[in-house]
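Architecture at a glance
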Amino acid sequence: MKHAYVKFDEADQIINFVRIINQYEYDVDVKCGSRIVDAKSIVGVLSLARSKVLELILHTEDCGGLLEQIAPFAA
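Residues numbered from 1 in each chain as written. Predicted model: local features only at pLDDT ≥ 70, side-chain atom pairs only at ≥ 80, totals over all residues. Heavy atoms only, no water.

**Topic: the packing of aromatic side chains**
We describe a pair of aromatic rings using the distance from one ring centre to the other and the angle between the two ring planes. Test applied: Pairing of aromatic rings covers Phe, Tyr and the six-membered ring of Trp, with a centre-to-centre limit of 6.5 Å; geometry is then stacked below 30 degrees between planes, edge-to-face above 60, and tilted otherwise. Note on conventions: DSSP H or I runs of at least 4 residues are helices, E runs of at least 2 residues are strands, and numbering of each starts at the N terminus. Summary of the burial criterion: residues with accessible area below 20% of their type's maximum are buried, those above 50% are exposed, and those between are partly exposed, where the area comes from a 1.4 Å probe applied to protein chains only.
One pass over the full model with this rule turns up four aromatic pairs. Taking 5.6 Å as the distance between ring centres and 50 degrees as the angle between the ring planes, the aromatic pair formed by F8 and F73 counts as tilted. With F8 in the loop between β1 (2-6) and α1 (11-21) and F73 in the segment after α3 (64-69), this residue pair connects regions lying 65 residues apart in the sequence. Owing to a relative accessible area of 8%, F73 belongs among the buried residues under this scheme. Through pairs of rings, three or more aromatic residues link up here, namely F8, F17 and F73.

Below, the structure is given as structure tokens:
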């Protein structure tokens, strides 16, 4: 399991982020405080994303390609 942090300024960024996440078979969660949602859910990520830094929980050790693709959202 790996962790990363992301931040979004606009809803379009969230849509692009979720599209990228959905390209991968392993599970990814987004955490903000005590709330955790599926990163493959646009509605879930939108519910947490109000310009806050969000923690990603990647349920794999081999996530280099994903981390490169989501680099523009890194916090």
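Structure's up, so let's keep going.
**A few points about the sheet that holds β1**
What counts is decided by this rule: Paired strands, in this sense, are two strands between which DSSP finds at least two bridges. Every axis corresponds to a line fitted to the C-alpha atoms, with the helix fit spanning only the stretch in contact, and the corresponding angles, defined between N-to-C directions, vary from 0 to 180 degrees.
Read from one edge of the open sheet, four strands run β1-β4-β2-β3, paired in antiparallel fashion. Single-partner strands in this sheet number two, and they are β1 and β3 (35-38). Taken pair by pair, the neighbouring strands of this sheet meet at an average axis angle of 30 degrees, ignoring direction. Pairing analysis gives four bridges linking strand β2 (residues 28-32) to strand β4 (residues 54-58), with the strands arranged antiparallel. In the sheet register, V30 faces β4, and the bridge partner there is L56.

**Side note on the nonpolar core**
Our working definition: We call a set of buried Ala, Val, Leu, Ile, Met, Phe, Trp, Tyr and Cys residues a nonpolar core when their side-chain atoms join them within 4.5 Å. Should any heavy atoms of two residues lie within 4.5 Å, those residues are considered in contact.
In this structure, F8, F17, V30 and L56 are the most contacted members of the largest nonpolar core, which totals 24 residues. Counting only elements with at least two residues in this core, the list comes to β1, α1, β2, α2 (42-48) and β4. A per-element tally of this core places α1 first, with five residues. Setting aside residues up to four positions removed in sequence, L56 forms contacts with K2, H3, A4, V6, F17, V28, D29, V30 and I70.

**Remarks on the pairing of β4**
The buried fraction of β4 is high, at five of five residues. By the alternation rule, side chains of β4 split into L54, L56 and L58 and E55 and I57, which are all buried. Pairing analysis gives five bridges linking β1 to β4, with the strands arranged antiparallel. Bridged to Y5 within β4 is E55.

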